[in-house]
Amino acid sequence: MIKHTHIKPSYIQAKKRSKEEVKILTDAYIINNELKKIGMGKKYLVITYGCQANERDSETISAILEDMSFTKTDDFNDADLILLNTCAIRENAHNKVFGMLGRIKHLKEIKPNIITCLCGCMAQEESVVNEIEEKFKWMDVVFGTHNIQNLPRLISDAINDNELIIEVYSKEGDVVENLPVKRSNKYKAYVNIMYGCDKFCTYCIVPYTRGKQRSRKIEDIKCEIQKLIDDGYKEVTLLGQNVNAYGKDLDEKITFDMLLKEVANMNIDRIRFVTSHPWDFTDEMINIINDYDNVMPYVHLPVQSGSDKILKLMGRRYTKESYLKLVEKIKNVIKNVSLTTDIIVGFPNETEEDFNETLDLVEKCKYDSAFTFIYSKRENTPAAKMEDNTPFEIKQKRLQRLNDLVNKYALINNEKLVNTIVPVLIEGKSQKGNNLYAGYTDTMKLVNVKCNKEDVGKIINVKITEAKTWSLNGEKVNG
Ligand code: SAH
Ligand code: SF4
Ligand code: F3S
């Protein structure tokens, strides 16, 4: 009888930050001939929630499952293994996952041999794992964000053992290199440049679920990008919770500016990066975006709030004024830049005046689009202890007012593009049908384009014919 793994997450451990050097693990992924046969004749379904970091992790998870001979299915009822890669950023992310577990439970009743796994940021939460142990004991594997490389062993143990296997480490984390990847897009790809976050914004769970900030070595990042170039990729997005802090945890004096320049000198058509924090966004970064044709004129710069009082409570380390100055500088230097943001409404103690400061900031920044959220209390974060006396209905009304304003500027900005010619990387058929194709501009706007099948995978010139709030229409022009 196998002694099943039972390592649960710990809130106390997840908070810790030490000076201990980050280990780079190059041979942590182990797969032998036996593990390689496990999935033969079986199908897997990976369902991904959350941010690009999770999407990129799911690409690794899919590759590992295929290494184990599982084949992919999109059909829930047809799957022999279902894996939920979860997000913990807001309560509704939780609710979606628990709802899905309810559905999977029914499936498991009909197909008892189905293997069910849950991983990602929710798995890093003590309360979630306790709830799974109480209510979803029939599940097979729960693992966290630090040990994706152990998946073959965990699945093998799950098959040989009827107990729920839990293996979640609440550690600061290593950098695990040489994991396989099955990319979900043929033309654009995500490349992690760093993991974790040390900013500890008071509302945010990410520093606890993803561990401390760990930058990858510049050679490893470039090597991944070179492979993508060799495979014909046109676009890379450099990923990190706070990319402009890249390198601050490394011994060598390497900064994000240096990395960005090195990548810009590689033979790739399009480079993007998310997310940049307004706090350490340098002039050099602005100049590089402007100077290099392959660094896209698109900046996602989450502001969260326009009120200095709220920004301070959030621990964001900038003021409305310094943020506006940065935006002005960016807009002055990069003429065609598109600017997007994230905003939280209804943070504890946000008054009507505070909220009006946010509206005023949106008026001034005229964002191309924004992700807007109602504050969601995350267990064990500092903000969870702050008194919150704003009724939920008021928060909802604020969100609506904010969205109306954001949408107004999104449309105004899009309308400015009508009759101009913009470069679009055509990714495939448009969801609009009508033989249209879809892709994104250099400024990260979705365009439905009249063009040909042969244009898929290419960057073509498109004349914009119509602007909507969320997308553009256009047609291919030659030259
Ligand atoms: N690292 C990025 C953001 C990652 S999370 C940054 O610092 O900008 C993505 C967005 O989710 C955040 O920008 C924030 O707007 C939102 N968010 C994070 N925690 C939240 C919470 N507790 N409630 C509501 N929104 C939250
Ligand atoms: Fe969360 Fe702040 Fe880190 Fe972004 S920078 S991931 S909001 S703690
Ligand atoms: Fe969600 Fe984790 Fe990303 S909490 S937003 S999946 S880092």
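Fair warning: this is a prediction, and the values are worked out from it, not measured in the lab. (Residues numbered from 1 in each chain as written. Chains lettered and ligands numbered in written order. Predicted model: local features only at pLDDT ≥ 70, side-chain atom pairs only at ≥ 80, totals over all residues. Heavy atoms only, no water.)

Novice: What should I look at first to understand a negative patch on the surface in this one?
Specialist: Together, Glu21, Glu219, Asp251 and Glu252 make up a region of like negative charge exposed at the surface. The topology assignment puts Glu219 in helix H8 (residues 218-230). Here Glu219 falls in the partly exposed class, since its relative accessible area comes to 45%. (Patch = residues over 30% accessible without salt bridge, like charges linked within 9 Å, V, L, I, M, F, W, Y side chains within 5 Å. Areas by Shrake-Rupley, 256 points an atom, 1.4 Å probe, with all protein chains shown as cover. Salt bridge = Lys/Arg side-chain N within 4 Å of Asp/Glu carboxyl O. Lys, Arg positive; Asp, Glu negative; His and termini not counted. Charge placed at Lys NZ, Arg CZ, Asp CG, Glu CD. Helix = DSSP H or I, 4+ residues; strand = E, 2+ residues; numbered from the N terminus. Buried < 20%, exposed > 50% of the residue type's maximum accessible area, 1.4 Å probe, protein only.)

Novice: Mind showing me how you'd approach helix H3 (residues 52-67) here?
Specialist: Two residues of an α-helix separated by three or four positions point the same way, owing to the 3.6 residues in each turn. For H3, spanning 16 residues, the distance from its first C-alpha to its last is 23 Å, which sits close to the expected 22 Å at 1.5 Å a residue. Burial within H3 is extensive, with 12 of its 16 residues counted as buried. All buried positions along H3 are accounted for by Ala53, Asn54, Arg56, Asp57, Ser58, Glu59, Thr60, Ile61, Ser62, Ala63, Ile64 and Leu65. One or two residues past the end of H3 sits Ser69, with phi positive at roughly 75°. (Expected span 1.5 Å × (residues − 1).)

Novice: Hey, could you run me through the packing of helix H13 (residues 352-365) against helix H14 (residues 392-415) in this one?
Specialist: Two quantities define a packed helix pair, namely the angle between the helix axes and the distance between the axes. Taken N-terminus to C-terminus, the directions of H13 and H14 make an angle of 10°; their axes are 10 Å apart at the nearest point. For the element pair H13 / H14, the angle class is roughly parallel. Of the residues in H14, those touching H13 at Glu352, Phe355, Asn356, Thr358, Leu359, Val362 and Glu363 are Arg398, Arg401, Leu402, Leu405, Val406 and Tyr409. Within the contact of H13 with H14, the residues separate by chemical class into seven nonpolar, two polar and four charged. (Axes fitted to C-alpha atoms, helices over the stretch in contact; angles between N-to-C directions. Parallel < 35°, antiparallel > 145°, perpendicular 65-115°, else oblique. Contact = heavy atoms within 4.5 Å. Nonpolar A, V, L, I, M, F, W, Y, C, P; charged D, E, K, R; others polar.)

Novice: Explanation requested: the site of ligand 2 in the structure shown.
Specialist: Near ligand 2, the surroundings consist of Cys197, Lys199, Phe200, Cys201, Tyr203, Cys204, Val206, Pro207, Gln241, His277 and Arg316. Class assignment for the residues of the shell around ligand 2 results in seven nonpolar, two polar and two charged. (Near = heavy atom within 4 Å.)

Novice: Mind showing me how you'd approach the site of ligand 3 here?
Specialist: Every residue lining ligand 3 is accounted for by Cys51, Asn54, Cys87, Ala88, Ile89, Cys121, Val206, Arg210 and Gln241. The residue makeup of the shell around ligand 3, split by class, is six nonpolar, two polar and one charged. The residue makeup of the shell around ligand 3 includes at least three contributed by each of domain 1 (4-167) and domain 2 (185-294). (Domains from an automatic or database assignment.)

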